[in-house]
Amino acid sequence: MKAAILWELHKDLEIRDDVSLTDLNAGEVHVKIGSSGVCHSDLSVQNGTIPMPAPCVLGHEGAGVVQEVGDGVSDLAAGDHVILSFTPACRMCKPCLRGQSYLCADMMPMMVPHFIVDGNPIMGMTGCGTFAEEMVVPQSALVKIDNDVPLDVAALIGCGVTTGVGAAINSADIQPGSSVVIFGAGGVGIAAVQGARIAGAAEILVVDLVESKLDQAKNFGATHVCTPDALDQMKTEITGGEGFDYALECIGNPITIRATYDAVRRGGTAVVVGVGRLDQKVEFNAFEFFYNDKILRGSMYGSANVRTFMPELCRLWKAGKLDLESMISRRIKVDEVNDAFRAMEAGEVIRSVIDFN
Ligand code: APR
Ligand code: ZN
């Protein structure tokens, strides 16, 4: 079968058609991937921002159909439609029991090799590896969805949509009638815009460097858009200078993380969704936390319980309240994934989606 492999950081992925899978063990599931989104985090593994050992089959935003289940798998069967969850929700570890399954303790243990190339075992990104036609994953990494949700739409829910909508609804807990600013209008940022709209925000400002992204953001619920240089002016116009109730950073850049904290009013909430580098620092003075009484929080996988939140997102999509089709800018084959990385870096797309059928 085909898979896209990162052999070395900063190098193009190699598309191989002679990849095979490890045997199906107890508790594991064999899935045929239907679609995979190309997310910025894939690029962040390739360029070393997100530490992940190479070689590695990239891809973590995907959906597919169960082919076969291993011994002891009782809640999934061949033919089921599933979304890959890059953080499993094992329902047994302390974080899961606390209601924080997005921090499931099985995330790292899930990262074991399931692909075989040239006779050697190779890992998939985050234990997934959705830039492959088929894969083997533990059952806890799969979320069953209704079979009438198309797999391209479902794939987006696998990362960017859960991350962005969840950041707005769960992490920020945006309230009706509030003012929101969102930094970055990629797949995650556009999902956050939709989350803010669903939550009932009165004003949603989107900040991005790329003009075409700003135009598109308006189609998803942005009420105002601007480039970073015009942010202060927009803050005055929308909030009278006080600052926004909520700000969400969907880029992963120290400058925009700092700007996110600065954009909210005293007592407001700033959420960092983007993933920056381990060696990058954001500076705060020791006085401002006390004086501003702002909430500054991170957001992992939309602070969501994937087992309830992903099916809810499917229902929002079915009800016409979450526009996922329009987030697919390009449909590609896995052979074109390196071009999709370049298109993402150039700001040309919200999402490229790989079609495996
Ligand atoms: N100021 C404003 N906008 C910026 C800046 C900046 N300094 N730098 C980049 N952007 C914009 C880009 O133009 C692009 O529209 O941020 C957007 C990022 O979108 P994508 O590259 O599509 O990234 P996405 O997949 O949405 O992920 C965003 O979330 O999950 C994390 O790892 C992911 O850190 C990444 C972030
Ligand atoms: Zn992702």
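Note that this is a predicted model, so its numbers are computed, not measured. (Residues numbered from 1 in each chain as written. Chains lettered and ligands numbered in written order. Predicted model: local features only at pLDDT ≥ 70, side-chain atom pairs only at ≥ 80, totals over all residues. Heavy atoms only, no water.)

Draft legend 1. Geometry of the nonpolar core. If you look at the biggest cluster of nonpolar residues, it comprises 108 residues, and the most contacted ones within it are Phe-131, Val-161, Ile-174 and Leu-248. A per-element tally of this core places helix α3 (residues 151–171) first, with 11 residues. Every residue in contact with Val-161, bar those within four places of it in the chain, is listed here: Leu-156, Gly-166, Ala-191, Leu-313, Leu-322, Leu-324 and Met-327. Core analysis: the next-biggest nonpolar cluster, separate from the first, contains 14 residues, Val-207, Leu-231, Ile-238 and Val-264 among them. (Core = buried A, V, L, I, M, F, W, Y, C linked by side-chain atoms within 4.5 Å. Buried < 20%, exposed > 50% of the residue type's maximum accessible area, 1.4 Å probe, protein only. Helix = DSSP H or I, 4+ residues; strand = E, 2+ residues; numbered from the N terminus. Contact = heavy atoms within 4.5 Å.)

Draft legend 2. Quick look at the coordination of the zinc ion (ligand 2). Those protein atoms acting as donors to the zinc ion (ligand 2) are Cys-39 (SG), His-60 (NE2) and Cys-159 (SG), and they sit at 2.0 to 2.3 Å. Mapped onto the polypeptide sequence, the residues donating to the zinc ion (ligand 2) form the spacing pattern C-x20-H-x98-C. Separated by 21 residues along the polypeptide, Cys-39 in the loop between β4 (28–38) and α1 (40–46) and His-60 in the loop between β5 (56–57) and β6 (62–69) bring together distant segments of the chain. (Donors = N, O, S within 2.8 Å, 3.2 Å for Na, K, Ca; no water.)

Draft legend 3. Molecular detail of the pairing of strand β12 (residues 179–183). Of all the 5 residues making up β12, 5 are buried; the element is thus mostly covered by neighbouring parts of the structure. Residues of β12 alternate between two faces, with Ser-179, Val-181 and Phe-183 on one and Val-180 and Ile-182 on the opposite face, all of them buried. Inspection of the sheet shows β12 paired to strand β13 (residues 203–207) by 5 bridges, in the parallel sense. If you follow Val-181 over to β13, its bridge partner there is Leu-205. In this view, the connection linking β12 to its parallel neighbour β13 by way of helix α4 (residues 187–199) has right-handed handedness. Sheet topology places β12 next to strand β15 (residues 244–249); 4 bridges connect them, and they run parallel. In the strand pairing of β15, Phe-183 is matched with Glu-249. (Pairing = 2+ DSSP bridges. Right-handed = clockwise from strand over helix to strand, strands pointing away.)

Draft legend 4. Structural context of the site of ligand 1. As a structural note, the neighbourhood of ligand 1 is formed by 20 residues, with His-40, Ser-41, Asp-208, Lys-213 and Val-275 the closest of them. In the environment of ligand 1, an oxygen atom lies 3.1 Å from a nitrogen or oxygen atom belonging to the backbone of Gly-187. Leu-209 places a main-chain nitrogen or oxygen 3.5 Å from a nitrogen atom of ligand 1. Within the complex, 89% of the 740 Å² of free accessible area of ligand 1 lies under protein. At the level of elements, α1 and α4 are the ones that each hand at least two residues to the shell around ligand 1. A per-class count over the shell around ligand 1 returns 10 nonpolar, 7 polar and 3 charged. (Near = heavy atom within 4 Å. Polar contact = N/O pair within 3.5 Å; in protein donor to acceptor, adjacent residues only side chain to side chain. Areas by Shrake-Rupley, 256 points an atom, 1.4 Å probe, with all protein chains shown as cover. Nonpolar A, V, L, I, M, F, W, Y, C, P; charged D, E, K, R; others polar.)

These values are about where atoms sit, not about what they do.
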